[in-house]
Amino acid sequence: MKAMRQLTAVFVAGAALVAGTVCAAAQTAPAPAAPGRGPVPTAHRVVLADQDTGRALTARPGDEIEVRLTGVRDRGTTFAWSQPVSGAPAVLGRSAAGTTPTGSATGRFTAAGRGTAALTARRTCHAAPGARCPHVVVVWKVTVTVR
């Protein structure tokens, strides 16, 4: 029994040593510096969804912002989102957008210049033959400031 405890202690110590070596090797070095400048900043990616409406965020030039809005189908109606748009394409340029038959919509934007832009989309009801829709339009909006 005593030999088993000692063997277990040796095994645990060895595993900790290996884990520490692996963790140290896995750390990455900072981004290389351009000649005469500090480290090169890396672009960030932000994913926004239905629940982010009303949010305000700050981005840097080069950051990517993806919008994923979910449509709803229920009893012959589809509550569908429009493709997200930027109110200031010079600040947030759209590189891709699309919608699905289920009413979902996506958009990808890149922070291009300094300023403020509103990302917006509208959700409206589309009725199948014989179904009825409420006359309600839901607006989704996020304000992005690029600095």
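Only a predicted model underlies this, so the values are computations on that prediction, with no experimental measurement involved.

Undergrad: Just checking my understanding: could you explain the state of the cysteines for this structure?
TA: Under the criterion given, the structure shown has 1 disulfide. One disulfide bridge connects Cys125 with Cys133, the sulfur atoms lying 1.9 Å from each other. With the S-S bond torsion at -65°, the cross-link from Cys125 to Cys133 turns out left-handed. Among the residues examined, Cys133 registers a relative accessible area of 22% and is labelled partly exposed.

Undergrad: Explanation requested: the pairing of strand 8 (residues 105-111) in the structure shown.
TA: Within a regular beta strand, the side chains point alternately toward one face of the sheet and then the other, so they alternate between its two faces. Residues Ala105, Gly107, Phe109 and Ala111 line the buried face of strand 8, whereas the alternating positions Thr106, Arg108 and Thr110 sit on a face that is not buried. Bridge analysis of strand 3 (residues 64-69) against strand 8 gives 6 bridges, and the strand direction is antiparallel. Counterpart to Val67 in the pairing with strand 8 is Gly107. In terms of strand pairing, strand 7 (residues 92-99) meets strand 8 through 7 bridges, oriented antiparallel. When the bridges of strand 8 are listed, Gly98 appears paired with Thr106. The hairpin turn running from strand 7 into strand 8, its antiparallel successor, is 5 residues long, and Gly103 in that turn takes a positive phi close to 95°.

Cut-offs used in this document
Residues numbered from 1 in each chain as written. Predicted model: local features only at pLDDT ≥ 70, side-chain atom pairs only at ≥ 80, totals over all residues. Heavy atoms only, no water. Disulfide = S-S within 2.5 Å. Buried < 20%, exposed > 50% of the residue type's maximum accessible area, 1.4 Å probe, protein only. Helix = DSSP H or I, 4+ residues; strand = E, 2+ residues; numbered from the N terminus. Pairing = 2+ DSSP bridges.

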